[in-house]
Amino acid sequence: MGDKSKPNDSKGQEQVYQPSDSIVKNAHVADYDTLYKRSIEDREGFWADEAAKLDWYKKWDKVLDASNKPFYKWFTGGKTNIIQNAIDRHLKTWRRNKLAIIWEGEPGDVRTFSYHALNREVSKFANVLKSMGVRKGEIVTIYMPQIPELAIAMLACAKIGAAHSVVYGGFSVEALAERIQDANSRVLVTADGGWRRGKITDLKTIANEAIGRSATIEVCITVKRTGQDVYMENDRDFWYHELMGLPIAGAKCETEQMDAEDMLFILYTSGTTGRPKGVLHTHGGYSVYTATTHRYVFDIKDEDRWWCAADPGWITGHSYIVYAPLINGSTIMMYEGAPNHPYPNRWWQMVEKYGISILYTSPTAIRGLMRFGDQWPQRHDTSSLRLLGSVGEPINPEAWRWYHEIIGEGRCPIMDTWWQTETGGFVITPLPITPLKPGSATLPFFGHEVAVVDDNGKDVQTGEEGKLVLKAPWPGMARTIFGDPERYKEVYWKDYAKQGWYKAGDSARIDEDGYVWIIGRIDDVIKVSGYRLGTAEVESALVSHADVSEAATIALPHELKGNAIYAYAILRTGLQGSPELEDAIKKHVSHELGPIARPESVTFVESLPKTRSGKIMRRVLKARALGVDEGDLSTLEE
Ligand code: PRX
């Protein structure tokens, strides 16, 4: 193959993969340095140019309002709605009849929506929501499997100016109840179930239990996906398909004109302490930021078929399954189920069948598929692939090379994108033209100044580990934590308040070429299979078990998942630990929080290492588990 990106060994033992000539020739951005320089010297000018590529009902007065730091505002005075750009503007062009969504269910059923058809579904459901009294500014909770109605419900909320709070379908009762309650949601949209590894999930049953624990839900709309028997309560529960068949579900619905800074959605994510926080994003800045990052980093062309194989219940799905690709008029692939069901060739079969040109997924998924061997992808013609992407956790060079050689056939550059729920979109990422080093997310995106510093904000030495900070605001940044602006200041902006920098919560190093290497979280956030969980949440699920009086959790490295959760529990007086009890406690965590939070093991202990002020010293537990030096123990109480 003449078109391979080739590694060279110019940097000693480190391989650098140069982009192929055809990638460079066709890229939207041919010269990173020049545009980057411009984006830093005239940040507002850069973003204004990008914003001008979108439609606005009314142009903004000011690009950036920094009068109340760190509560930055973007494009103030501007009027828009993300739907204006994600759907409405395409209806006036040939894209009206372009495929917006190709969806495949795990059992093999297929549904497709043109932009015209998507608009029709979204408008109808928007009218249904209106008929249920949903108003601008209200937060609708969505708890669904990966089916088209999940995207339709999100878009319908946005269209009428309501905000959505999507709760990942892999979460369970308490996680859902807590999020419903915090968002004060009156309306819940869910499904009877979904398909996963040939089995049916019990979403509606979980939703019913969660509704029982949270007093706010008045209306629950359920999509019939699997057809299993579910409990529906009179006057509270409605079937989606029945509502969509009523005259209230008219196919015409005006898109609500929003202020650029109006809330688009909140998305709960885990932090260091306490309850998950509702990270808030807005219509204007988020539209501009996600569309720009998507277009430049993945070099989006009209003929692309884009597949972000994440779940819409996480930020990756919000930004890069639903909003950015629709704004850019792409054809989106969505798949409901497990990558290896019924066989480990499922993804590669879909790449071939639909002619996918860009695949964006997580290191965990790559490692998981790699373990089945090369023969599965090699059965399929994956020559439609042009670019690959990775997100969610550091990608180990071995998985990177497999992805590059076997899936991308040496032809497709890998965009290893570092970002967070809070950043809205990519922050540190290659472009297709960037020389790549396996395992590095490479360089800052336009408009970003990134540094790795010590506690005082001083740059650490080249190649040394330090804390990752972002030095300037960007349009896609979270605006606040819903209902808790103080916590927003405290978590992200307090440590470097003097300098006005955003603390990412990750450690990283920067090499002699300015390439960023992400190491991992420095707080009590655990990344399990790329999913973000807090030790505090898992511990609270553990102690809600009747037999557990105290608990601590730590993350230990795991070959497939990146990290896995290990729990330590003190039982109530007089109780004895046993394998049966361990199993029951694991099941309990699954039931409360979700299967992703299920600990690998629960170790019964008499006491936990604590500081004199009573804080659990998780690093001591971790050091012991790994058999390494426990470090400074001077603050340890016992
Ligand atoms: O630790 C970093 C890791 O994921 C965290 C953010 O998690 P979340 O808000 O759930 O968003 C995930 C999807 C954007 C970061 O603080 N992370 C994300 N992308 C990468 C990464 N770590 C290394 N390399 C990445 N490409």
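Above this text sits the structure in question.
It should be emphasised that the depicted structure is a prediction, and the values quoted were computed from it without experimental measurement. (Residues numbered from 1 in each chain as written. Predicted model: local features only at pLDDT ≥ 70, side-chain atom pairs only at ≥ 80, totals over all residues. Heavy atoms only, no water.)

Draft legend 1. Examining empty space enclosed by the protein more closely. All told, the structure shown has one cavity of 30 Å³ or more when counted by the stated rule. Quantified by volume, the largest cavity comes out at close to 40 Å³. Of the residues that constitute the lining of the largest cavity, the class distribution is seven nonpolar, one polar and one charged. (1 Å grid on protein atoms, 1.4 Å probe; cavity = no way out; pocket = protein on both sides within 12 Å on 5 of 7 lines; lining within 4 Å. Points joined across faces, edges and corners; volume = space filled by probe spheres on them. Nonpolar A, V, L, I, M, F, W, Y, C, P; charged D, E, K, R; others polar.)

Draft legend 2. A look at the sheet that holds strand β18 (residues 305-308). Spatially, the seven strands line up as an open sheet ordered β7-β6-β19-β18-β20-β21-β22, and their pairing is mixed. In this open sheet, the two edge strands, each paired with only one partner strand, are β7 (110-114) and β22 (414-417). Each strand of the sheet is rotated relative to its neighbour by a mean of 15°, with strand direction disregarded. Looking at chain direction, strand β6 (residues 99-104) and β7 are connected through five bridges and run antiparallel. Bridge assignment links L99 to a residue of β7, and that residue is S114. (Pairing = 2+ DSSP bridges. Helix = DSSP H or I, 4+ residues; strand = E, 2+ residues; numbered from the N terminus. Axes fitted to C-alpha atoms, helices over the stretch in contact; angles between N-to-C directions.)

Draft legend 3. Quick peek at the packing of aromatic side chains. For the coordinates displayed, the defined rule picks out 41 aromatic pairs. Measuring from ring centre to ring centre gives 5.5 Å for W56 and F75, while their planes differ by 50°; the resulting arrangement is tilted. Of this pair, W56 sits in the loop between α3 (43-51) and β3 (62-65) while F75 sits in strand β4 (residues 73-76), and the two are 19 residues apart along the sequence. Note on accessibility: W56 and F75 belong to one class, buried. Among the aromatic side chains, those forming a connected cluster through ring pairs are Y32, Y36, F46, W47, Y289, Y296, F445 and F446. Sitting over the ring of W103, R111 keeps its end group 5.9 Å from the ring centre. One cation-aromatic arrangement involves K224 over W239; the distance from NZ or CZ to the ring centre is 4.6 Å. (Phe/Tyr/Trp six-rings, centres within 6.5 Å; stacked < 30°, edge-to-face > 60°. Buried < 20%, exposed > 50% of the residue type's maximum accessible area, 1.4 Å probe, protein only. Lys NZ or Arg CZ within 6 Å of the ring centre and 35° of its normal.)

Draft legend 4. Seen up close, the nonpolar core. F75, L118, F125, I142, F298 and Y323 are the most contacted members of the largest nonpolar core, which totals 122 residues. Among the elements that line this core, the one with the most residues is helix α6 (residues 148-159), at nine residues. Judged by nonpolar contacts, the second largest core, of 38 residues, contains A175, L203, A569 and L593. (Core = buried A, V, L, I, M, F, W, Y, C linked by side-chain atoms within 4.5 Å.)

Draft legend 5. Up close: the layout of surface pockets. By volume, the second largest pocket amounts to about 430 Å³. Lining the second largest pocket are 19 residues, with T272, V491, D495, K503 and D523 positioned closest to its centre. Counting residues per element, the ones that place at least two in the lining of the second largest pocket are α16 (485-493) and β26 (502-510). At four residues, the largest contribution of residues to the lining of the second largest pocket is made by α16. Classifying every residue of the lining of the second largest pocket gives four nonpolar, four polar and 11 charged.

Draft legend 6. Examining the sheet that holds strand β27 (residues 516-521) more closely. Read across the open sheet, the four strands follow the order β23-β24-β26-β27; overall the sheet is antiparallel. Edge positions in the open sheet fall to β23 (450-453) and β27, since each of these has one partner strand only. Averaged over all neighbouring strand pairs, the angle between strand axes comes to 45°, with direction disregarded.

Draft legend 7. Main features of the site of the ligand. Around the ligand, a shell composed of 17 residues is seen, among which D416, T417, T421, R521 and R532 lie nearest. At 2.5 Å, a side-chain N or O of T421 approaches an oxygen atom of the ligand. One of the side-chain N or O atoms of R521 is found 2.8 Å from an oxygen atom in the ligand. Considering the ligand on its own, with 540 Å² of exposed area, one finds that the protein chains cover 97% of that surface. Of all the secondary-structure elements, those providing two or more residues to the shell around the ligand are α11 (315-327), β22 and β27. A breakdown of the residues in the shell around the ligand according to their chemical character gives six nonpolar, five polar and six charged. (Near = heavy atom within 4 Å. Polar contact = N/O pair within 3.5 Å; in protein donor to acceptor, adjacent residues only side chain to side chain. Areas by Shrake-Rupley, 256 points an atom, 1.4 Å probe, with all protein chains shown as cover.)

Draft legend 8. Structural detail: the environment of T269. Of note, T269 is situated in strand β16 (residues 263-269). For T269, a relative accessible area of 3% translates into the label buried. Each C-alpha atom of the pair T269 and P145 lies 18 Å from the other, and the pair is 124 residues apart in sequence. Excluding residues within four positions of it along the chain, T269 makes contact with P276, K277, V279, T421, E422 and R532. A distance of 3.1 Å separates a polar atom in the side chain of T269 from a polar atom in the side chain of R532. (Contact = heavy atoms within 4.5 Å.)

Draft legend 9. Local environment of the pattern of salt bridges. Counted under the stated rule, the structure contains 49 salt bridges. For K58, the salt bridge identified is with D61, shortest N-O distance 3.5 Å. For K58, a relative accessible area of 39% translates into the label partly exposed. Note on D61: relative accessible area 61%, which makes it exposed. Through salt bridges that share partners, E174, E209, R213 and E592 make up one connected network. (Salt bridge = Lys/Arg side-chain N within 4 Å of Asp/Glu carboxyl O.)

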